[in-house]
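Fold and geometry: a report
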Amino acid sequence: MLAITKSKAILLRNSCCKATVRCLTSSVNAAGGFCFDFTAEQKEFQGLARKFAREEVLPKAAELDKTGEYPWALIKKAWELGLINTHIPQKYGGLGLNSLENCMITEEIAYGCTGVQTAIEANSLGQMPVILAGNEEQKKKYLGRMIEEPLVCSYGVTEPGAGSDVAGVRTRAVKHGDEYILNGEKMWITNGGHANWFFVLARTASDAKASAGKAFTGFIVERDWAGVTLGKKEWNMGQRCSDTRGITFEDVRVPKENVIGEEGIGFKIAMGAFDKTRPPVAAGAVGLAQRALDEATKYSLERHTFGKPIAEHQAVAFMLADMAIGIETSRLAYLKAAWMVDSGHRNTYYASIAKAISADVANKSAADAVQIFGGNGFNSEYPVEKLMRDAKIYQIYEGTSQIQRVIISRELLAKAK
């Protein structure tokens, strides 16, 4: 049984608040070098997440993958332990963990199953616009209810014809008195079938030529409002227990009180959320890659060919070494991106680097693990084929690997000019 309760987690958070983040700080330790250690409290959070992932999540991962069942039992357990909604500020009842601590927890849960991790992490993305730009009443109402009971929310931006090209969003909200009338369709919405409420980006500018920075507005839309229709659950390549579906809005009446920030700044809010959520997504990819390496290492020591473990063949040993190189590098990348957030710096450049490299490393590590398993790796009775299927989405969601390179090159060239 997991020993740490949610109340203990809150006590841990209070202790963490009194300590600075020691990982990747510019402070100098007694030996005169940089300190890459976690605080004792952070290590305890990490241990809790690791125990939850390996004792509760991992044993259920294969069955959830086969059935596609939404992991409500695990989400409720995570809520009881304080491992979900960890970024919600203490002022609104949350633990108020920083970005680095959230990443640390995310990597551990992803090790067990990235489908479960995505269902949990989607809350962060859905709530982030409210945390960044919501008013006090919105934060108390919509963040507070996530603490009162185990609920999930969703981030509604992607559409059938608008993914990477967010400026192509066609969902429209027209102001009518003290309300907005919302019409449109969103697609590939994580947690869509179970969300209590949605962050929805909609076009409000009447001028079709208005810039993205002025054309869109962010809204909080409750699931049970008239006109909100849920599409069917999509059966995806991987991360199958994560609920993904389309959401249709037909003449949904949204009170002006549910506008996030102010009219016309929705695009800025939506993009700003990614700077905060891409490091945890990268951490999830690292968790999957670490699992692939661990499974491949274990198997390579057990499997014998030509009179010795296959791990002792240089071809296999070098594959394991390359996996380790990618994982350690990706982990440092997401830690740097998270540290930038926690230090109050703009982290767009580093968040995209972390997301891009971690996604690519996860895919290569999973593919290499399958190769090391050989024919067994291609069989669903072994764990690595699921890892390979689960890994692909990291190169697609929250900004494709190509979009990350667009952002990185843009930021790089802007500094050079």
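Residues numbered from 1 in each chain as written. Predicted model: local features only at pLDDT ≥ 70, side-chain atom pairs only at ≥ 80, totals over all residues. Heavy atoms only, no water.

**Focus: the packing of aromatic side chains**
The criterion, for reference: Centres within 6.5 Å are what make two rings of Phe, Tyr or Trp a pair, Trp counting through its six-membered ring; a difference in plane orientation under 30 degrees is then read as stacked, over 60 as edge-to-face, and the rest as tilted. When a residue's accessible area, from a 1.4 Å probe over protein chains only, is under 20% of the maximum for its type it is buried; when over 50% it is exposed; and in between it is partly exposed.
For the structure on display, the rule yields 11 aromatic pairs. Consider the rings of Y70 and W72, whose centres lie 5.4 Å apart with planes at 75°: the pair is edge-to-face. We classify Y70 as buried; its relative accessible area is 8%. Where Y349 meets Y350, the ring centres are 5.1 Å apart and the plane angle is 80°; that geometry is what we call edge-to-face. Accessibility expressed as a relative area gives 18% for Y349, which makes it buried.

**Comments concerning the pattern of salt bridges**
Proximity of charged atoms lets side chains of opposite charge pair with each other. We apply this condition: Should a side-chain nitrogen of Lys or Arg be within 4 Å of a carboxyl oxygen of Asp or Glu, the pair is scored as a salt bridge. In this text, helices come from DSSP runs of H or I with a minimum length of four residues, and strands from runs of E with a minimum of two, each type numbered from the N-terminal end.
Within this structure, the stated rule accounts for 22 salt bridges. Here E222 and K141 are joined by a salt bridge, their closest N and O atoms 3.9 Å apart. Residue E222 is located in strand 5 (residues 216–222), and its partner K141 is located in helix 6 (residues 136–148); the two are separated by 81 residues in the primary sequence. Looking at E222, the relative accessible area reads 10%, which means it is buried. On the basis of relative accessibility, which here comes to 43%, the residue K141 falls in the partly exposed class. Where D390 meets K386, a salt bridge forms, and the shortest distance between an N and an O atom there is 2.6 Å.

**Considering the pairing of strand 7 (residues 244–255)**
Let me state the cut-off plainly: In short, DSSP must find at least two bridges between two strands for them to pair.
Alignment of strand 3 (residues 179–190) against strand 7, held across nine bridges, turns out to be antiparallel. Bridged to E179 within strand 7 is P255. One ladder, built from four bridges, connects strand 6 (residues 228–233) with strand 7; its direction is antiparallel. Paired with V228 across the two strands is F249, which belongs to strand 7.

**A short note on unusual backbone geometry**
Positioned with a positive phi, W188 is a non-glycine residue whose angle comes to about 60°. In this structure, W188 sits in strand 3. The exposure class assigned to W188 is partly exposed, which follows from its relative accessible area of 47%. One non-glycine residue, F306, lies in positive phi territory at about 50°. Note on placement: F306 falls in the loop between strand 9 (304–305) and strand 10 (308–309). Take F306: its relative accessible area is 79%, and that puts it in the exposed class.

**Thoughts on the nonpolar core**
Test applied: The set of buried Ala, Val, Leu, Ile, Met, Phe, Trp, Tyr and Cys residues whose side-chain atoms join them within 4.5 Å is what this entry labels a nonpolar core. Any two residues having at least one pair of non-hydrogen atoms within 4.5 Å are treated as being in contact.
Counting 64 residues, the largest nonpolar core has F52, L83, V116, M323, Y334 and I372 as its most contacted members. Of all the secondary-structure elements, those providing two or more residues to this core are helix 2 (40–67), helix 3 (72–81), helix 4 (99–112), helix 5 (114–133), helix 8 (266–302), helix 9 (314–342), helix 10 (348–373) and helix 11 (384–391). Here this core takes 11 residues from helix 8, the largest share from any one element. In contact with M323, other than residues within four places in its own chain, are A292, L293, A296, S365, D368, A369 and I372. Counting residues in each nonpolar core, the second largest holds 29 residues, with I88, V166, F199 and I269 among its members.

**Some words on the layout of surface pockets**
Rules: A cavity here means a set of 1 Å grid points, computed over protein atoms only, where a 1.4 Å probe fits but cannot escape. A pocket is an open set with protein on both sides within 12 Å along at least 5 of 7 lines, and lining residues have an atom within 4 Å of a point. Grid points are joined across faces, edges and corners, and a volume is the space filled by probe spheres set on the points. In this count, Pro and Cys sit with the nonpolar residues alongside Ala, Val, Leu, Ile, Met, Phe, Trp and Tyr, while Asp, Glu, Lys and Arg are called charged and the others, Gly among them, polar.
One number sums up the size of the largest pocket: a volume of about 1,200 Å³. If you go around the largest pocket, you meet 45 residues; those closest to its centre are T158, I396, Y397, E398 and G399. Elements supplying a minimum of two residues to the lining of the largest pocket: helix 5, strand 3, helix 8, helix 11 and helix 12 (401–416). No other element matches helix 8, which puts seven residues into the lining of the largest pocket. Residue composition of the lining of the largest pocket, grouped by class: 20 nonpolar, 15 polar and 10 charged. Taken as a whole, the second largest pocket spans an internal volume of roughly 420 Å³. As for the second largest pocket, its lining consists of 26 residues, of which H87, L97, S99, N102 and M128 are closest to the centre.

**Brief notes about the confidence of the model for the protein**
Rules: Values of pLDDT, which run from 0 to 100, indicate the predictor's confidence residue by residue.
Per-residue confidence for the protein averages 92 on the pLDDT scale, and 92% of its residues sit at or above 70. Long-range and interchain partners of residues 15–30, a stretch whose pLDDT sits below 50, account for 38 contacts in this model, where long-range means more than four residues apart.

**What to know about helix 6**
Threshold: Multiplying one less than the number of residues by 1.5 Å gives the expected span of a helix. Here a polar contact is recorded for every N or O atom pair within 3.5 Å, except that within protein the pair must consist of a potential hydrogen donor and a potential acceptor, and residues adjacent in sequence are included only if both atoms are side-chain atoms.
Helix length check: helix 6, at 13 residues, gives a terminal C-alpha distance of 17 Å against a target of 18 Å (1.5 Å per residue), a fit within 8%. Buried residues of helix 6: Q138, K139, Y142, L143, G144, R145, M146 and I147, and no others. For helix 6, the N-terminal capping position is held by N135, with its side-chain oxygen 3.2 Å away from the main-chain nitrogen of E137.

**What to know about the packing of helix 10 against helix 11**
Each pair of packed helices can be summarised by the angle the axes make with each other and by the distance between the axes. Applied cut-off: Here an angle of 0 to 180 degrees is reported between the N-to-C directions of two axes, which are lines fitted to C-alpha atoms, with helices fitted over the stretch in contact. For this classification, under 35 degrees means roughly parallel, over 145 means roughly antiparallel, 65 to 115 means roughly perpendicular, and everything else is oblique. Left-handed describes a crossing whose near helix is turned anticlockwise from the far helix through less than a right angle; right-handed describes the clockwise counterpart.
Contact pair helix 10 / helix 11: the axes reach a minimum separation of 8 Å and the direction vectors enclose 155°. Put simply, helix 10 runs roughly antiparallel to helix 11. The element helix 10 and its partner helix 11 pack so that their crossing is left-handed. Side by side, helix 10 and helix 11 meet where A362, N363, A366, A367, A369, V370 and F373 of the first sit next to V384, E385, L387, M388 and A391 of the second. Looking at the contact of helix 10 with helix 11 residue by residue, the classes come out as 10 nonpolar, one polar and one charged.

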